[in-house]
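Understanding the architecture of this molecule
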Amino acid sequence: MKKVDYKAAGVDIDAGNAAVLRIKQHVESTFNPAVLTPLGSFAAMYDLQNIFNDYRHPVLVQSIDGVGTKIMVAQMMQKFDTIGMDLVSATTNDIVVLGAKPLTLLDYIANDHLQPDIIEQIVKGMAEACKENNIALVGGETAEMPGTYRQNEHDLVGIITGVVEKDKAILGKNIKPNDIVFGLPSSGLHTNGYSLARKLFFEVGQYQVDTYLPELQKSVGEALLVPHLNYNRIVQFLLQEKIELKGMAHISGGGLLENIPRILPPGCQVEINKNAWPSLPVFNVLQHLGKQPVAEMYRTFNMGIGMVLIVSPDQVARLETAVQTFSKLALYQIGEVMAGPKQVRMK
């Protein structure tokens, strides 16, 4: 009678151990003295003493996010070196909008069958993005679940933890009419809207990932895998320069129309001038393929704006100077806060 063991059931312990050996150097390269446990511990320990030294009333800020079906494009391209970067950006941007400084990241990678080389590509990209933003990748889980995931399918999720001084948390409560709305550009779709984008490119347009489109000046797959921009360093610089940011919104799922209202107090709405920044070619192609109404595009995609900053008029010049000093990113004045119900109006 044939032996039936864990490997025969679809879980390869040896492959799991090989993956850990491959990622060990990448993960540990993100460690700092506050990380007290090595890779492989049952849980991660992070020393809070410096936080209590540096903050009067520290508050933990946490978020969980994933890369959605963008990872399916990575699978189609057999290119996994940037999808981990996307995860770091998607999670980091969600906490920096509160004024938080990111500290640690935990990742969860699930698949039907573990392939150590793919895991290494994902984690290597993740580690590089963590190092750029002084985030410790303190641990994670690699789950091999045959029967739950389809063949060669992966899922990628991250949990980030940061800290903010309680009385310096940016919650949007002081936003008022006549405040000015600025936008930092996105690099493309970032990590949202990929279910629709894949349907439009691969079913409606019947393109392949290697189809070169002159409008994009690159292949479809390359356009879809452009990494999600991480706004942490520029936001930390603005806070360090004491720019009075009244509110920030990470433009993720729901686009400008649904993310900006999340930070508005009662009695405030935002009017956006959609001609205030350049249109990215990928969104023009998507709108053409799907014959999408303009409002639906702005509800699904970021449309070229990845982060929104709201300041009072007296902070405009200081904000513009600070961004120009620190970053090559453009800064667009895209709208204004007005009296009205909590919503975004496009003009």
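To be clear, the structure that these remarks concern was listed above.
Keep in mind it's a predicted model, so treat the numbers as computed, not measured. Counting from 1, residues in each chain are numbered in the order their sequence is written. Owing to the predicted nature of the model, reporting of local features is limited to residues with pLDDT of at least 70; listing and counting of side-chain atom pairs is limited to 80 or more, with chain, interface and lining totals taken over all residues. By convention in this description, side-chain values take in all heavy atoms of the structure and omit both hydrogens and water.

Here we look at the side chain of Thr 300
This is how the line gets drawn: Every helix listed is a DSSP run of H or I at least four residues long, and every strand listed is a run of E at least two residues long, numbered separately from the N terminus. Polar contacts here mean pairs of N or O atoms no more than 3.5 Å apart (in protein, one a potential hydrogen donor and the other a potential acceptor; neighbouring residues in sequence count only if both atoms are side-chain atoms). By definition in these notes, contact holds between two residues if any of their heavy atoms fall within 4.5 Å.
Mapped onto the elements of the fold, Thr 300 is located in helix H11 (residues 294–300). At 2.9 Å, the side chain of Thr 300 forms a polar contact with the backbone oxygen of Glu 296. If near-sequence neighbours (up to four positions away) are discounted, Thr 300 is found in contact with Gly 193, Leu 196 and Gly 254.

Remarks on the packing of helix H6 (residues 194–204) against helix H10 (residues 281–290)
To characterise two packed helices, one gives the angle between the axes of the helices and the distance between these axes. Put simply, the rule reads: Think of each axis as a best-fit line through the C-alpha atoms, taken over the contacting stretch in the case of a helix, with angles from 0 to 180 degrees between the N-to-C directions. Crossing handedness: left-handed means the near helix sits turned counterclockwise from the far one by under a right angle, and right-handed means the same turn made clockwise. For this classification, Asp, Glu, Lys and Arg are treated as charged, while Ala, Val, Leu, Ile, Met, Phe, Trp, Tyr, Cys and Pro are nonpolar and the rest, including Gly, are polar.
With their axes 10 Å apart at the nearest point, H6 and H10 run at an angle of 65° to one another. When you trace H6 past H10, the crossing you get is left-handed. Across the interface between the two elements, Ala 197, Leu 200, Phe 201 and Val 204 of H6 pack against Val 282, Val 285, Leu 286, Leu 289 and Gly 290 of H10. In terms of residue class, the contact of H6 with H10 is made up of eight nonpolar, one polar and no charged.

With respect to the pattern of salt bridges
The condition that has to hold: For this analysis, a salt bridge means a side-chain nitrogen from Lys or Arg found within 4 Å of a carboxyl oxygen belonging to Asp or Glu. Categorising residues by exposure relies on relative accessible area from a 1.4 Å probe, with only protein chains included: less than 20% of the type maximum marks a residue as buried, more than 50% marks it as exposed, and the intermediate range marks it as partly exposed.
Counted under the stated rule, the structure contains 10 salt bridges. For Asp 86, the salt bridge is made with Lys 70, and the minimal N-O distance between the two is 3.1 Å. Taken as a pair, Asp 86 in helix H4 (residues 83–96) and Lys 70 in helix H3 (residues 70–77) lie far apart in primary sequence, 16 residues in all. Taking the shortest distance from any N to any O, the salt bridge between Arg 345 and Glu 271 comes out at 3.0 Å. Note that Arg 345 is positioned in strand S12 (residues 344–346) and Glu 271 in strand S9 (residues 268–272), a separation of 74 residues in sequence. What makes Glu 271 buried here is its relative accessible area of 17%.

Section: the packing of aromatic side chains
Both the distance between ring centres and the angle between the ring planes are used here to describe each pair of aromatic rings. Formally: To pair, rings of Phe, Tyr and Trp, with the six-membered ring standing in for Trp, must have centres within 6.5 Å; the planes then decide the type, stacked if under 30 degrees apart, edge-to-face if over 60, and tilted in the middle.
Inspection of the entire model under this criterion finds three aromatic pairs. Plain terms: the ring middles of Phe 201 and Tyr 207 are 6.3 Å apart, the flat faces sit at 50° to each other, and that makes the pair tilted. Residue Phe 201 is classed as buried on the basis of its relative accessible area, which comes to 0%.

Section: the layout of surface pockets
Here is the rule we go by: Think of a 1 Å grid over just the protein atoms. A cavity is a set of points where a 1.4 Å probe fits yet cannot get out, a pocket is an open set with protein on both sides within 12 Å along at least five of seven lines, and lining residues have an atom within 4 Å of a point. Grid points are joined across faces, edges and corners, and a volume is the space filled by probe spheres set on the points.
Roughly 1,200 Å³ of internal volume is contained in the largest pocket. If you go around the largest pocket, you meet 35 residues; those closest to its centre are Tyr 55, Gly 99, Lys 168, Gln 236 and Leu 239. Elements supplying a minimum of two residues to the lining of the largest pocket: helix H2 (49–54), strand S2 (101–111), strand S4 (154–165) and helix H8 (232–240). The leading source of residues in the lining of the largest pocket is H2, at four residues. Grouping the constituent residues of the lining of the largest pocket by class yields 15 nonpolar, nine polar and 11 charged.

Quick word on the pairing of strand S10 (residues 305–311)
So the rule is basically this: Strand pairing requires that DSSP identify at least two bridges connecting the strands.
For S10, a buried count of seven out of seven residues is recorded, marking the element as mostly surrounded by other parts of the structure. As judged from the six bridges shared by strand S5 (residues 180–185) and S10, these two strands associate in the antiparallel manner. Directly across from Gly 183, in S10, lies its bridge partner Val 308. Sheet analysis places strand S8 (residues 247–250) next to S10, joined by four bridges and oriented antiparallel. Residue Gly 247 lies in a different strand from S10, and its bridge partner there is Ile 310.

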